[in-house]
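# Inside the fold
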Amino acid sequence: MENKCENLSLYIIDQLSEHEKEQFKRHLKTCAHCQNELESLQETWQTLSYDMEEVDAPDSLKMEVMDFIFKEDKTEKAKKESPLYPIKLFLTKHFSPLSAGMTAILIISFTGLLWYNLHLKDTITALEDEMASPTQIVRTFNLKGQDTAASANGTAYLLQEGHDNSLIIELNNMPGTKDDEVYQVWLLNNGNRQNAGTIKPDQNGNGLITYRMPKDQSFDDIGITLEPNPNNTQPKGRKVMGTI
Amino acid sequence: MKNKSDEELVKLIVQNHRPALEELYDRYINLIYSFSLKMTKGDTEKTKEIVQLVFLRLWTTKRTYSASQGKFANWILTITRNIAIDLIRKEHKHKGTVQLDHNEWEKIQGQQSEHVLQEVSNNLLKQQIQEAKHQLSEPQKRLINLLYWEGYSLSEIAQLEEKPLGTIKSRLNQTLKKLRNYFSEETGGVRHGK
C-alpha cells in the first residue's frame, strides 16, 4: 500500500504509464490518505501555472487564430457538403486506406463470385433438367437398299428426348447423286407419305439426317427415294431404300 | 455572450457557435498567451503556434468543461501546457539531447531571478507563488522549473541531476507538500486575514 501511495505525485503530474494510472485509480478508491491529499496537491500543482509575468497578447493575434481555425473548418465543411462525404466518412472512420482497399477488393470478388455462382447454378439446373429426361432410343429401324442403291444399307433411330421425338437416319454405301438429285426420306403411315428431309451422301457414300418429329406424328415404315430435285411433297422418283 | 458563464460558452462551442469561441478568446487570451510565452522562453512565433492549437482543440475536440472540474482557467491552462510540452518535447527529440550543462542552467536561473525582481504585479496568487518558492531549496526550485515549465520527465531530470530516480521522486513529493502547506497557511491558515 505504502508503495502505491508514492505514485500520488506522479499521478498528479501525469507521468504514470496508462497501466500504472489504472492501478493507481484503483488504489485511490480504497486509500483514504491519498484521497485526502489528492485535491490539495493537485491544486498546488495547478497554481504553479500562475508563476508568470502576465502580458497582453498582440491585437493581431485574434485574427490569425480565428483564420487558422475557420479556414481549416471551411475545408472540412466543403468536404462535408459533397454527397459522397457520409460514405467517405463512414469508410475512413471504420477502415484504414489499406483495409478499405482490401474491403473493396473483397466486395468486388464476392460480387463476382456470387454472380458466377448464380450463373453456375442456372447451368447446373439446365443440366439436371436434361439429365432428368435423358435421350432414349425408342425404336431402331434397319434399312436396306434396292434397285440402283442395292449396295446401300442404313439404320434409323427414333429418339425420345423429354416430350420431343426425333429421327436419326444413318446411311452407308449410297451411290452418288447427280446434279439436283437428292435422296428423300419419307415416313409411311397407313399409306400416307410424309416428307422427312433430304440427303446428299458424301464421296464415300455416307449420309446422315436428323429429323425433328412434329408432335403426334407417328409412322410404320421409312422409305427413301431418289428424287430429280429436292423438296417434293410427294415422291416422284423411284424408291431405292426401305425398312426391312 | 458577455453574460454567459465559461461553462455555458463551452456548451455553445460544442454546437459550433463561433461568437462563443471569440468570447472565450477575449476572456482568456492574455492568460494563455503569457503562459505560452513563458513555456517557450519568450519565443513569440512558437507562442502563436501554441495559442492557435489551443483554440483549435477547443473548437474541434468538443471536450466539455463543467465547473465541477475546477476553475476554467486551470482547465484551459492544463490543455495549453500539454500542447506546449508536446511542442517542446518534439524539439528535445530533434536536438537529440536532454542534457543541459550547468552553466546554461545557471544562466536561466539568473534571468529568472531578474524577472522576479522586475515583476510588479497585483496578482496575489503570483505573489504567493513567489513567496512560496523562497521556501524551497535550490534543487527543489530546479525540479519544479524543469518539470513544470520545461516539460522534462522525472527520469530525464534524474539524468540531468545525476541522481537516482527514487531520489527525484521523493524530492517531488517533498516539494509539492511544502508548497501546498505554504499556500494553505496563506489562504486558510494562521496568516489568513492578516
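Scoring rules and cut-offs
- Residues numbered from 1 in each chain as written.
- Chains lettered and ligands numbered in written order.
- Predicted model: local features only at pLDDT ≥ 70, side-chain atom pairs only at ≥ 80, totals over all residues.
- Heavy atoms only, no water.
- Pairing = 2+ DSSP bridges.
- Helix = DSSP H or I, 4+ residues; strand = E, 2+ residues; numbered from the N terminus.
- UniProt positions renumbered as here; feature names shortened; annotations may be inferred.
- Phe/Tyr/Trp six-rings, centres within 6.5 Å; stacked < 30°, edge-to-face > 60°.
- Buried < 20%, exposed > 50% of the residue type's maximum accessible area, 1.4 Å probe, protein only.
- Lys NZ or Arg CZ within 6 Å of the ring centre and 35° of its normal.

A word on the pairing of strand 8 (residues 238-243) of chain A. All names here are of chain A. In terms of strand pairing, strand 1 (residues 136-145) meets strand 8 through three bridges, oriented antiparallel. Among the inter-strand pairings, K144 is bridged to a residue of strand 8, identified as G242. Here four bridges tie strand 7 (residues 221-227) to strand 8, and the two strands are oriented antiparallel to one another. The residue bridging L226 from the neighbouring strand is R238, located in strand 8.

Right, let's get into the UniProt feature "domain: Putative zinc-finger" (unreviewed entry) in chain A. The sites that carry the UniProt feature "domain: Putative zinc-finger" (unreviewed entry) are, in the present numbering, residues 6-35 of chain A. Regarding residues 6-35 of chain A, the helix share stands at 73% and the strand share at 0%, and the terminal C-alpha atoms are separated by 13 Å.

Turning to the packing of aromatic side chains, a few remarks are in order. Under the definition given, this model contains twelve aromatic pairs over all chains. For the pair Y25 of chain B and F55 of chain B, a centre-to-centre distance of 5.0 Å together with 50° between the ring planes defines the contact as tilted. Note that Y25 of chain B is positioned in helix 2 (residues 18-39) and F55 of chain B in helix 3 (residues 44-60), a separation of 30 residues in sequence. Y25 of chain B sits in the buried class, given a relative accessible area of 3%. Taken together through their ring pairs, the aromatic side chains of W45 of chain A together with F35, Y148 and W149 of chain B make up a single cluster. Here K38 of chain B stacks its cationic end above the ring of W149 of chain B, 4.5 Å away from the centre of that ring.

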